[in-house]
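What the coordinates show
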Amino acid sequence: MEEKEKPVDFIREIIREDLKNKKYDSRVHTRFPPEPNGYLHIGHAKSICLNFGIAEEFKGLCNLRFDDTNPTKEEVEYVEAIKKDVKWLGFDWQDREYYASDYFEKLYEYAVELIKKGKAYVCDLTADEIREYRGTLTAPGKDSPYRNRPVEENLDLFERMRKGEFSDGLRTLRAKIDMKSGNINMRDPVMYRILHAGHHMTGNKWCIYPIYDYAHCISDSIEGITHSICTLEFEDHRPLYDWFLDKLGVYHPRQIEFARLNLSHTVLSKRKLIQLVQEGHVKGWDDPRMPTISGLRRRGYTPKAIRNFCERIGIAKRENMVDMSLLEYCIREDLNKKAPRVMAVLRPLRVVIINYPEDQAEELEAINNPEDPLMGTRKVPFSRVLYVEKDDFRENPPKDFFRLAPGREVRLRYAYYITCVDVIKDRTTGEITELHCTYDPATRGGDSPDRRKVKATLHWVSAPNSIEAEIRLYDHLLTVPDPSEGKEGKDFKAYINPKSLETLTSCHVEPGLRHAAVGNRYQFERQGYFCVDSDSIEGKPVFNRTATLKDTWAKIEKKLI
RNA sequence: UGGGGCGUCGACAAACGGCAAGUCAGGAGAUUUUGGAUCUCCCAUGUGGAGGUUCGAAUCCUCCCGCCCCAGCCA
């Protein structure tokens, strides 16, 4: 071991300490407990990486447990999606796929036990009345008139609740704790509610369902979890978590809370995400603009980049707002090493090489990835008529623009030096339609024998050999880093970026991309990283821009304005 | 006016009484057949504030200030 160890977060520190003290029989067992009522997002990835990561590091286990105690909100579609996403991120729960609903019977037995111990009672107050009796943040609550119901009566009523004798909301089972507690969660919280609703796992077996606080701690206990990691808003619930387990006298894991992830220029709340989907602001949960795992996957993100991101952001208890640029950095870092380079012209400008023989054609050798010689080379066709990027030509170049301009010589990557000799415009609109250039045959491959320098290297495609493609450019979902900092009364939807998607339909890409498989990732030289979308059809691929390349020129240009 | 948390660089985040790490962002330069990548350097005389303890305080104590969470039969 080196002297200087990588700093660890406070949770791993607690675990190290527990291990040192031989707590929990020196076991480490965590769990990731999603509620199957929505898709996983990058914030969940933080939790997944934490829980599964800890299990790996400490040679422990991590369970996948669906927290399915509310049948009115949960669906199988979500459990399938969640499993797919966790797997895709690279984590394995082996055979430990559990559901809180697996424990409904046990939960019921424990509830009966609490009733017998005088720690729980059936309450006939309505939801409104319970709210009234609860008091407020500053005023204590008052006892329910049903609080001192005899044990036998509670037992009878609770059994009849289960049997379905009462309609929804008629009665609840409540923990008998302290209506005057400063912690509102301790003011006789509801443990069970009556809900005549079918459940995705248990069907119509139950018409009473346990509340999170009651179900979660016991599920953790049953599974032998050692460290039950959750987010900060559950800090106030910890005394309740402890209370149930203490009163029952069962195995008692430790709940630890950390700060959830906030990411700039997007939203990470299930409620808001579901709103974006349902109101059609995006095309679905896997829209590449979404911060969902499925959205990021379709966008072209790799599991490695996401896991790396989660490692870099760290774990702490402070509220945070991580810059989207860090996520982008992580995907560039990964793809720079892995993605084959290819040339694609997004906004084509026709270039005719006037001194290149009409009937001539040739193939030039291009390097697939300068970062990795093992990835080899490929041939790209060259001809008299090419496309270059519109942005790469300026009739009146500003200072520091060193791409193509009238009279200027530049290099075509892996091809030749060319010089712009004429600018052809549309007579009526004045729009530049074509460039006439000459090439220097001595510069084949991109080097000049006389060592003369050109300041720019342009990507290009051969017009007759290129194939057409659709390319979708994505930008931030929101125009502001943090929508909650906006004007009073403005919700996040007021900041939805109208330019978050730009679809380019007449792009030209290298012929080698004709049969690119869905999901393949490439670097389009000088443009960014792109991946093949599932909307692709034979002969007409569709690409999603995963991330741009760093663009120094764009920065310079911005300053000029 | 209750209870629970949290304040270290633009954004994350270390430090555990002994010289304020690192990363992203930003800036400058080198290099470059991607204005990419890579490399070098710069970027907190100071840790929300004020006192105190100490040879020594981001760290311990006191008071103050600010921010977040809790009044679902949601999780």
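Above this text sits the structure in question.
The structure contained in this document is the topic of the report that follows.

Procedures and definitions
Numbers given to residues run from 1 along each chain, matching the order in which its sequence is written. Following the order in which they are written, the chains are lettered starting with A and the ligands numbered starting with 1. Restriction of local features to residues with pLDDT of at least 70 applies here, the model being predicted, together with a cutoff of 80 or more for giving and counting side-chain atom pairs; totals for whole chains, interfaces and linings are based on all residues. For side-chain calculations, the full set of non-hydrogen atoms in the structure is used, while hydrogens and water are omitted. In this analysis, rings of Phe, Tyr and Trp, with Trp reduced to its six-membered ring, are considered paired at centre separations within 6.5 Å, and the interplanar angle assigns stacked below 30 degrees, edge-to-face beyond 60, and tilted for intermediate values. A run of H or I in DSSP becomes a helix once it reaches four residues, and a run of E becomes a strand once it reaches two; helices and strands are each numbered from the N terminus. Three exposure classes are used, based on accessible area relative to the maximum for each residue type with a 1.4 Å probe and protein chains only: buried under 20%, partly exposed in between, and exposed over 50%. Here a residue is considered near a molecule or strand provided that any single heavy atom belonging to it is located within 4 Å of it. Polar contact is defined as a pair of N or O atoms within 3.5 Å, subject to the rule that within protein one atom must be able to donate a hydrogen and the other to accept it, and that residues adjacent in sequence are counted only when both atoms are side-chain atoms. We call Asp, Glu, Lys and Arg charged. Ala, Val, Leu, Ile, Met, Phe, Trp, Tyr, Cys and Pro are nonpolar, and the rest, Gly among them, are polar. All axes are obtained by fitting lines to C-alpha atoms, using only the stretch in contact for helices, and the reported angles, taken between N-to-C directions, cover 0 to 180 degrees. Put simply, angles under 35 degrees are roughly parallel, angles over 145 are roughly antiparallel, angles from 65 to 115 are roughly perpendicular, and the rest are oblique. Here is the rule for handedness: rotate from the far helix to the near one, and if that takes an anticlockwise turn smaller than a right angle the crossing is left-handed, while a clockwise turn gives right-handed. Residues are treated as being in contact if the distance between any of their heavy atoms lies within 4.5 Å. The span one expects for a helix is its residue count, reduced by one, times 1.5 Å. By salt bridge we mean one thing: a side-chain nitrogen of Lys or Arg within 4 Å of a carboxyl oxygen of Asp or Glu. In short, DSSP must find at least two bridges between two strands for them to pair. By definition, disulfides here are pairs of cysteine sulfur atoms that lie within 2.5 Å. What is meant by a nonpolar core is a set of buried Ala, Val, Leu, Ile, Met, Phe, Trp, Tyr and Cys residues, joined one to another through side-chain atoms within 4.5 Å.

Following the criterion strictly, the structure yields 24 aromatic pairs and no others. Relative to W285, the ring of Y39 has its centre 4.9 Å away and its plane inclined at 15°; by these criteria the two rings are stacked. Remark: W285 occurs in the loop between α9 (270-278) and α10 (293-299) and Y39 occurs in the loop between β1 (29-32) and α2 (42-57); sequence separation between them is 246 residues. With respect to burial, Y39 and W285 carry one shared label: buried. Between Y416 and Y439, the ring centres sit 4.8 Å apart and the planes meet at 80°, which makes this aromatic pair edge-to-face. Linking Y416 in the loop between β16 (409-412) and β17 (417-425) with Y439 in strand β18 (residues 432-440), this pair joins segments that are 23 residues apart in sequence.

Neighbouring RNA strand B are 72 residues, the closest being M321, R341, R403, G445 and T552. Note that a phosphate oxygen of RNA strand B is positioned 3.5 Å from one of the backbone N or O atoms of I315. At 2.8 Å, a side-chain N or O of R526 approaches a phosphate oxygen of RNA strand B. Only α5 (127-134), β6 (190-194), α11 (303-313), α12 (324-338) and α13 (552-560) provide two or more residues apiece to the surface near RNA strand B. Here the surface near RNA strand B gets five residues from one element, more than from any other, and that element is α13. Split into classes, the residues belonging to the surface near RNA strand B amount to 25 nonpolar, 19 polar and 28 charged.

Before going further, it helps to spend a moment on the packing of helix α4 (residues 104-116) against helix α7 (residues 212-222). Interaxial distance between α4 and α7 falls to 11 Å at its minimum, and their mutual angle equals 110°. Relative to α7, the element α4 lies roughly perpendicular. Classified by chirality, the crossing of α7 by α4 is right-handed. Contact residues: K106, L107, Y110, A111 and L114 in α4; Y214, A215, I218 and I222 in α7.

This part takes up α2. The end-to-end C-alpha distance of α2, which contains 16 residues, comes to 21 Å, matching closely the 22 Å that a straight helix rising 1.5 Å per residue would cover. The buried fraction of α2 amounts to 14 of the 16 residues, a majority that puts the element mostly inside the structure.

Going through the model one piece at a time under the given rule, you end up with 53 salt bridges. Ionic pairing is found between E105 and K205, a salt bridge with its closest N-O pair at 3.7 Å. Taken together, the residues E105 in helix α4 and K205 in the loop between β6 and β7 (208-210) connect sequence positions 100 residues apart. The class of E105 is partly exposed, set by a relative accessible area of 30%. A relative accessible area of 54% means that K205 is categorised as exposed.

With respect to the helices and strands, G203 occurs in the loop between β6 and β7. Each C-alpha atom, one on G203 and one on N154, is 26 Å from the other, the two residues being 49 residues apart in sequence.

This brings us to unusual backbone geometry. Residues other than glycine seldom take positive phi values, yet K22 does so here, at roughly 55°. Relative to the assigned elements, K22 resides in the loop between α1 (10-20) and β1. One non-glycine residue with positive phi stands out, namely D188, at about 45°. Structurally, D188 is set in the loop between β5 (172-175) and β6.

So, about the pairing of strand β12 (residues 348-353). Where β12 meets strand β15 (residues 385-389), five bridges bridge the pair, whose relative direction is antiparallel. For P348, the partnering residue across the bridge sits in β15 and is E389. Relative to β18, β12 is paired through four bridges, and the arrangement is parallel. Among the inter-strand pairings, V352 is bridged to a residue of β18, identified as H436.

In this fold, F104 is placed in helix α4. A relative accessible area of 3% means that F104 is categorised as buried. Linking F104 and V454, residues 350 residues apart in sequence, is a C-alpha distance of 73 Å. Ignoring sequence-local partners within four residues, the contact set of F104 consists of D68, T69, Y192, H199, T202, W206, Y209 and P210.

We now examine the state of the cysteines. With the rule as written, the count across this model stands at zero disulfides. Left without a disulfide partner, C123 is nearest to the cysteine sulfur of C207, which lies 18 Å away. Its relative accessible area of 0% is what places C123 among the buried residues. A disulfide-free cysteine, C531 has its sulfur positioned 15 Å from the sulfur of C507, the nearest such atom.

The tendency in soluble globular proteins is for nonpolar side chains to be buried side by side. I42, I48, F52, V86, L263, I306 and F309 are the most contacted members of the largest nonpolar core, which totals 39 residues. Here this core gets six residues from one element, more than from any other, and that element is α2. In this structure, I306 is in contact with I42, A45, W88, L89, L296 and Y301, ignoring residues within four places of it in sequence. Of all hydrophobic cores here, the second largest spans 37 residues; its members include F166, L173, I194 and C217.

What follows deals with the packing of α1 against α2. The N-to-C vectors of α1 and α2 enclose an angle of 35°; their axes lie 12 Å apart at closest approach. For the pair α1 and α2, the sense of crossing is right-handed. On α2, the residues that touch I11, R12 and I15 of α1 are L50, G53, I54 and E57. The class makeup of the residues in the contact of α1 with α2 is four nonpolar, one polar and two charged.

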